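Report on the structure
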Amino acid sequence: MGINYAINVPATSANIGPGFDVMGLSLSLYLTVNAHVEPEAQPSPSTCNIAISYEGENSSGLPLDPRANLITRTALYVLECNGLKQFPHPTTVRVNNRIPLGRGLGSSGAAVVAGVILADAVGSLGLTQQRMLDYCLMIEHHPDNVAAALVGGFVASYLIDVDRSGNIPASEADEAEVLRREREQKAAAADENVKLPPENIGHFLRLGCSPKIRAVTIIPQFELATSKARAALPGSYKTHDVVFNLQRLAVLTTALGRETPDPWLIYRAMEDKVHQPYRMHLIPGLPEILATFNPDNTPGLLGICLSGAGPTILALAVDNFDEIAAKIRSVFDRQPNGGVATEYKLLDIVSEGSTCEKTSN
């Protein structure tokens, strides 16, 4: 009898203006991983006991080698940290990715989260949500996307530098937690190349977000690598610019949660001087978009920013969604050399994060 796991991980929009590497929203667009495990089948060590395939859009060119594919590579890392050199039973994975790749909607973060959840499921590891986040952050080095994808909603997060190596007993751990620690430590002792995540390296807080707010996403039809977008940032900042962002971030964390959103309060709170000004040249039309549209001339609009590293534009709004999208798309259409092709998706901000459903057949 086989076992099936259905894993769903939402897309995310990070930064939300001033919250660079801090804030994230989970959105109603999903990476779906369907895994079928055959406990009685013969193992296949040459393929790590795993075969992966893709269906649907946003799958072209993704590697199918389990050691190269981000989902299965992540899963294998988690399994190795727990004493398993490959998938414990022959497993077939079918992926349907509806999150556009390289567009600033958290596609890589979603893949990492899916891989951790997959390993937890097939390995019967019993990982807590916090421990899953630790594993995610060993691969995805900033928490905004993965925290929002894992737990859902409007999320603030941060990292801490800790060294929890060695046989440190848990102060108030239950039996399952003690067994998990022992399993990880035995795996690390057996293979010095396995790098266990420190405990509690990422922390998050779910914030309020009015159910009236929806996400207008305008997705240019070109990819922008996060590494390229990060390379555009300066090595240091002026104190004035840092304070500018801190002021707005403090307001934004509460403003989005008000039952009746205040358009101008949110609009000003979503301004940024830390990352967007340095990425203007990477996204044709971005300077005009950020400077032109506001709650007075665009009814229903609350705020507008880059989604993550871009090139997607995120507009938070409470009404006139199609009209807002049309205005933003018109700027891309007017760009030189025939304009920039875009796609429009109206998404909900979802309160539920990643899920994993187990069934038998």
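Scope of this entry: the structure provided in the associated data block. (Residues numbered from 1 in each chain as written. Predicted model: local features only at pLDDT ≥ 70, side-chain atom pairs only at ≥ 80, totals over all residues. Heavy atoms only, no water.)

1. Quick notes on the side chain of Asp 144
One can find Asp 144 in helix H4 (residues 143-151). Side chain to side chain, Asp 144 and His 142 meet in a polar contact 3.2 Å long. If we ignore the near neighbours within four places in the chain, the residues touching Asp 144 are Ala 14, Asn 15, Asp 21, Val 22, Met 23, Gly 24 and Ser 157. (Helix = DSSP H or I, 4+ residues; strand = E, 2+ residues; numbered from the N terminus. Polar contact = N/O pair within 3.5 Å; in protein donor to acceptor, adjacent residues only side chain to side chain. Contact = heavy atoms within 4.5 Å.)

2. Observations concerning the packing of aromatic side chains
Aromatic ring pairs are reported here in terms of the distance separating the ring centres and the angle at which the planes meet. One pass over the full model with this rule turns up three aromatic pairs. Judged by centre distance (6.0 Å) and plane angle (75°), the ring pair of Tyr 237 and Tyr 278 falls under edge-to-face. Taken together, the residues Tyr 237 in the loop between helix H6 (226-231) and helix H7 (239-255) and Tyr 278 in the loop between helix H8 (263-269) and helix H9 (286-292) connect sequence positions 41 residues apart. For Tyr 237, a relative accessible area of 29% corresponds to the partly exposed category. With a relative accessible area of 29%, Tyr 278 lands in the partly exposed category. (Phe/Tyr/Trp six-rings, centres within 6.5 Å; stacked < 30°, edge-to-face > 60°. Buried < 20%, exposed > 50% of the residue type's maximum accessible area, 1.4 Å probe, protein only.)

3. Considering the sheet that holds strand E10 (residues 342-348)
Here four strands make up an open sheet; going across it, the order is E8-E9-E7-E10 and the pairing antiparallel. Across the chains shown, the open sheet's two edge strands, defined by having one partner strand only, are strand E8 (301-306) and E10. Pairs of neighbouring strands in the sheet enclose a mean axial angle of 20°, with direction left out of account. Alignment of strand E7 (residues 214-220) against strand E9 (residues 313-317), held across five bridges, turns out to be antiparallel. Note on E9: the bridge partner recorded for Ala 215 is Leu 316. (Pairing = 2+ DSSP bridges. Axes fitted to C-alpha atoms, helices over the stretch in contact; angles between N-to-C directions.)

4. Examining the packing of helix H1 (residues 70-81) against helix H3 (residues 129-139)
The relative placement of two packed helices is expressed as an angle between their axes plus a distance between the axes. One can describe the packing of H1 onto H3 by two numbers: an axis separation of 11 Å at closest approach and a directional angle of 120°. Here H1 is positioned oblique relative to H3, judged by the angle of their axes. For H1 against H3, the interelement crossing comes out right-handed. Every residue of H3 that contacts H1 at Leu 70, Thr 74, Tyr 77, Val 78 and Cys 81 is listed here: Tyr 135, Met 138 and Ile 139. (Parallel < 35°, antiparallel > 145°, perpendicular 65-115°, else oblique. Left-handed = near helix turned anticlockwise from the far one by under 90°.)

5. Describing unusual backbone geometry
Of note, the amide linkage connecting Gly 310 to Pro 311 takes the cis form, showing an omega dihedral of 10°. Within the secondary structure, Pro 311 is located in the loop between E8 and E9. Of note, the phi angle at Asn 200 is positive, near 55°, even though the residue is not glycine. By secondary structure assignment, the location of Asn 200 is in the loop between helix H5 (175-190) and strand E6 (202-207). Its relative accessible area of 26% is what places Asn 200 among the partly exposed residues. Phi angles above zero are rare outside glycine, and Asn 320 is one such case at about 55°.

6. As for the layout of surface pockets
Quantified by volume, the largest pocket comes out at close to 720 Å³. Along the walls of the largest pocket sit 38 residues, with Gly 102, Gly 106, Ser 107, Ser 108 and Thr 226 positioned nearest its centre. Elements supplying a minimum of two residues to the lining of the largest pocket: H1, strand E4 (91-97), helix H2 (107-122), H4 and H6. Taken together, the residues that form the lining of the largest pocket break down as 16 nonpolar, 14 polar and eight charged. (1 Å grid on protein atoms, 1.4 Å probe; cavity = no way out; pocket = protein on both sides within 12 Å on 5 of 7 lines; lining within 4 Å. Points joined across faces, edges and corners; volume = space filled by probe spheres on them. Nonpolar A, V, L, I, M, F, W, Y, C, P; charged D, E, K, R; others polar.)

7. A few points about the pattern of salt bridges
Applying the stated rule across the entire model yields nine salt bridges. The partner of Glu 288 in a salt bridge is Arg 334, with the nearest N and O atoms 2.5 Å apart. Of the two residues, Glu 288 is situated in helix H9 and Arg 334 in the loop between helix H10 (321-333) and E10; the sequence distance between them amounts to 46 residues. The class of Glu 288 is partly exposed, set by a relative accessible area of 31%. Classification of Arg 334 as exposed rests on a relative accessible area of 52%. (Salt bridge = Lys/Arg side-chain N within 4 Å of Asp/Glu carboxyl O.)

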